Amino acid sequence: MYDVIVVGARCAGSPTAMLLARQGHRVLVLDRASFPSDTVSTHYLHQTALLKLQDWDLLDAIIDAGTPAIRKMHFSFQGIELNGFAEPVNGIDAVYCPRRTLLDDTLVTGARKAGAEVVENFSVSDLIFEDGRVVGVRGSENKGPKRELRAKVVVGADGFHSTVARRVGAQNYNVRPSANFIYYSYYRGLDWGLHHKTGFNRRWIGTWPTNDDLTMLAVICNRSHLKEFRQDPEKQFLATFDDVVPEMGEELREKGERVEPFRPMRNPDNYYRTAHGPGWALVGDAGYHKDPFTGWGMADAFLHAEMLADRLHEGLSGERPMDEALADYATARDEESEAVYDFTCTLAELDLPPFFRATLGAIGQSRKWTDAMLGIIAGTVHGDEIFSPEGLQRLYDETGVPEEERVYDPTA
Ligand SMILES: Cc1cc2nc3c(=O)[nH]c(=O)nc-3n(C[C@H](O)[C@H](O)[C@H](O)COP(=O)(O)OP(=O)(O)OC[C@H]3O[C@@H](n4cnc5c(N)ncnc54)[C@H](O)[C@@H]3O)c2cc1C
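### Comments concerning the overall build of the protein
Working step 1: When you go through the protein residue by residue, the secondary structure sums to 14 helices and 19 strands.
Working step 2: The C-alpha radius of gyration of the protein comes to 22 Å, within 12% of the 22 Å expected for a compact globule of 412 residues.
Working step 3: Projecting the C-alpha coordinates of the protein onto the three principal axes gives extents of approximately 65 × 50 × 40 Å.
Working step 4: Buried positions account for 58% of the 412 residues belonging to the protein.
Working step 5: Excluding contacts between residues fewer than 6 apart, the proportion of contacts in the protein whose partners are at least 24 apart in sequence is 72%.
Working step 6: Here the protein displays about 17000 Å² of accessible surface, and carbon together with sulfur accounts for 47% of that area.
Working step 7: Positive and negative side-chain charges in the protein, numbering 44 and 62 respectively, have mean positions lying 7 Å apart.

Below, the structure written as structure tokens:
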């Protein structure tokens, strides 16, 4: 009998298991994948995520693997430029974009070192219920015979097609439809740094240096472009760069050599799912997912893994009833992520509503305000620094925005 079984060993699962094991709990992690392995996801880590890795003593493994440090951001939205970098926090003066082969393996190793038992190639097919509570899982290793494994709590960290969520009947809420698809791949021969640029035709391009001297390139487009894209992805990928930043399209043709296949994905709708019930909880994409446009999935997975592990520890150690601790986790998760969720869903429309056109336009006028905004995007500066009524007043005053162009209503 385990204290906790965690299904899924990537960004949400391994940290949850690691933190519980560090508290002395008996934890089993099951994943149908083996590690190191890739998954369909770009992999930019905001400072908030790096701070968690630092707290957990895992950041050095990412840096020591030669992951390039990024110290300048080139962010633009329909002609509004934000070029700068968020203020360093706790010595973190760079951001990183480690391959998931490296990052996820580092997390799994961290869980194992902490004392969690990690079983790879184990596919969970069902849950065991007794008296209305989840008390374990059923599944098999390497397609072998079915086994039953029992625990006080089962955590679904098994991504957006979560088996745990399906078996407990977790309901989606606050769903916001996604209008986008993404294609990405890896290139040699480019020295571009980090660019995050949205054009005028509901198309976006992103570039990040990553491991092995490669640059990861991604495009996100509105679904209205999907049919033509599928007919010739190579041509459309280049055409998207041409459309958003013509000089980058030209350089990509001249110098860029694609070294891996394109990874395409039609983005699922944005959602929250019920985060807990008797004997179970969901963490990471299993319980909450949003468009990759803001690159916040992994940061949120780390934050929520820590929140959940803290609450599970309270329940397991008898500090408070488990169901109460898990209910508290659900509330904390939703409150913590509300602003990022809303910001992501809004900007992922790839069109700027009046409020963001006015505020980003003003922010782009000054390096100080740009760095503060990049800090908000990185999660290290509170949104109120700019988006409270006083912050907006200061922003518009300092950047000289005429009264008639000022927008204060965030829903405008
Ligand atoms: C195209 C794309 C680009 C993205 N770009 C970024 C980015 O730049 N930055 C960022 O922070 N976030 C990004 N994200 C989001 C990020 O990938 C996710 O938020 C993050 O991976 C969630 O981690 P997770 O551990 O919850 O789930 P996952 O990473 O999906 O891991 C789930 C694990 O569960 C296992 N599993 C599933 N079902 C079972 C089962 N039945 N039995 C056993 N094991 C099972 C899987 O094998 C997998 O290993 C992107 C997402 C996508 C799709």
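### Overview of helix α11 (residues 354-363)
Working step 1: Among the 10 residues that make up α11, seven are buried, leaving the element largely enclosed by the rest of the structure.
Working step 2: Among all positions of α11, only F355, F356, A358, T359, L360, A362 and I363 are buried.
Working step 3: Where α11 is buried, its residues meet β4 (80-84), α10 (322-347), α12 (367-378), α13 (384-387) and α14 (389-398).

### Here's the deal with the site of the ligand
Working step 1: Around the ligand there are 31 residues in total, and R10, D31, S41, T42 and M298 lie nearest to it.
Working step 2: Measuring from an oxygen atom of the ligand, one finds a backbone N or O atom of C11 at 3.1 Å.
Working step 3: Interatomic distance of 3.4 Å between a backbone N/O atom of H43 and an oxygen atom of the ligand.
Working step 4: Relative to its free-state accessible area of 1000 Å², the ligand is covered by the protein chains to the extent of 93%.

### Some words on the layout of surface pockets
Working step 1: There is about 710 Å³ of room inside the second largest pocket.
Working step 2: Every residue lining the second largest pocket is counted, 25 residues in all, and those nearest its centre are A339, V340, F343, I376 and G383.
Working step 3: Those elements that place two or more of their residues in the lining of the second largest pocket are α10, α11, α12 and α13.
Working step 4: Ranked by the residues each element gives to the lining of the second largest pocket, the list is headed by α10, at six residues.
Working step 5: A breakdown of the residues in the lining of the second largest pocket according to their chemical character gives 15 nonpolar, seven polar and three charged.
Working step 6: No fewer than three residues from each of domain 1 (2-43 + 99-174 + 269-344) and domain 3 (354-405) sit in the lining of the second largest pocket.

### Topic: the side chain of R100
Working step 1: One can find R100 in helix α4 (residues 100-114).
Working step 2: Of the residues examined, R100 reaches a relative accessible area of 6% and is grouped as buried.
Working step 3: Every residue in contact with R100, bar those within four places of it in the chain, is listed here: R10, C11, S37, D38, T39, S41, H43, D105 and M298.

### Let's talk about the domain arrangement of the protein
Working step 1: When cut into domains, the protein gives domain 1 (2-43 + 99-174 + 269-344), domain 2 (180-266) and domain 3 (354-405).
Working step 2: For domain 1 and domain 3, the distance between their C-alpha centroids amounts to 36 Å.

### Brief notes about the packing of aromatic side chains
Working step 1: According to the stated counting rule, one finds 22 aromatic pairs in the structure shown.
Working step 2: Between W56 and F302, the ring centres sit 5.4 Å apart and the planes meet at 65 degrees, which makes this aromatic pair edge-to-face. Here F302 lies in helix α9 (residues 297-316) and W56 lies in the loop between α2 (47-55) and α3 (59-64), a separation of 246 residues in the sequence. Like F302, W56 is buried.
Working step 3: Here the aromatic residues F181, Y183, Y187, W192, F229, F237, F241 and F262 are joined through ring pairs into a cluster of three or more.
Working step 4: The side chain of R99 reaches across the aromatic face of Y186, ending 3.6 Å from its centre.

### Re the pairing of β4
Working step 1: By the alternation rule, side chains of β4 split into I80, L82 and G84, which are all buried, and E81 and N83, of which none is buried.
Working step 2: Examined bridge by bridge, strand β3 (residues 73-77) and β4 share five bridges and lie antiparallel to one another. By the bridge assignment for β4, S76 is matched with E81.
Working step 3: Counting the residues in the hairpin turn of β3 and β4 gives two residues, including Q78, whose phi is positive at 45 degrees.

### Topic: the nonpolar core
Working step 1: Among the nonpolar cores identified, the biggest contains 108 residues, and L53, L103 and F302 are the most heavily contacted of them.
Working step 2: Every residue in contact with L53, bar those within four places of it in the chain, is listed here: L45, L58, L59, I62, L103, L107 and F302.
Working step 3: In terms of nonpolar packing, the next biggest core, distinct from the first, is built from 21 residues, V137, L149, V168 and W280 among them.

### With respect to the sheet that holds strand β9 (residues 172-176)
Either a parallel or an antiparallel arrangement is found when strands of a sheet pair, and the pairing is made through backbone hydrogen bonds.
Working step 1: Spatial ordering of the open sheet is given by β9-β16-β19, a layout of three strands whose pairing is antiparallel. Strands with a single pairing partner mark the edges of an open sheet, and in this sheet they are β9 and β19 (288-289).
Working step 2: Note: β9 against strand β16 (residues 270-273), three bridges, orientation antiparallel. The residue bridging Y173 from the neighbouring strand is Y272, located in β16.
Working step 3: Sheet strands in contact with α10 are β9, β16 and β19, and its direction is about 165 degrees off that of β16.

Reading the values: the criteria
Residues numbered from 1 in each chain as written. Predicted model: local features only at pLDDT ≥ 70, side-chain atom pairs only at ≥ 80, totals over all residues. Heavy atoms only, no water. Helix = DSSP H or I, 4+ residues; strand = E, 2+ residues; numbered from the N terminus. Rg over C-alpha atoms; globule rule 2.2 N^0.38 Å. Buried < 20%, exposed > 50% of the residue type's maximum accessible area, 1.4 Å probe, protein only. Contact = heavy atoms within 4.5 Å. Areas by Shrake-Rupley, 256 points an atom, 1.4 Å probe, with all protein chains shown as cover. Lys, Arg positive; Asp, Glu negative; His and termini not counted. Charge placed at Lys NZ, Arg CZ, Asp CG, Glu CD. Near = heavy atom within 4 Å. Polar contact = N/O pair within 3.5 Å; in protein donor to acceptor, adjacent residues only side chain to side chain. 1 Å grid on protein atoms, 1.4 Å probe; cavity = no way out; pocket = protein on both sides within 12 Å on 5 of 7 lines; lining within 4 Å. Points joined across faces, edges and corners; volume = space filled by probe spheres on them. Nonpolar A, V, L, I, M, F, W, Y, C, P; charged D, E, K, R; others polar. Domains from an automatic or database assignment. Phe/Tyr/Trp six-rings, centres within 6.5 Å; stacked < 30°, edge-to-face > 60°. Lys NZ or Arg CZ within 6 Å of the ring centre and 35° of its normal. Pairing = 2+ DSSP bridges. Core = buried A, V, L, I, M, F, W, Y, C linked by side-chain atoms within 4.5 Å. Axes fitted to C-alpha atoms, helices over the stretch in contact; angles between N-to-C directions.

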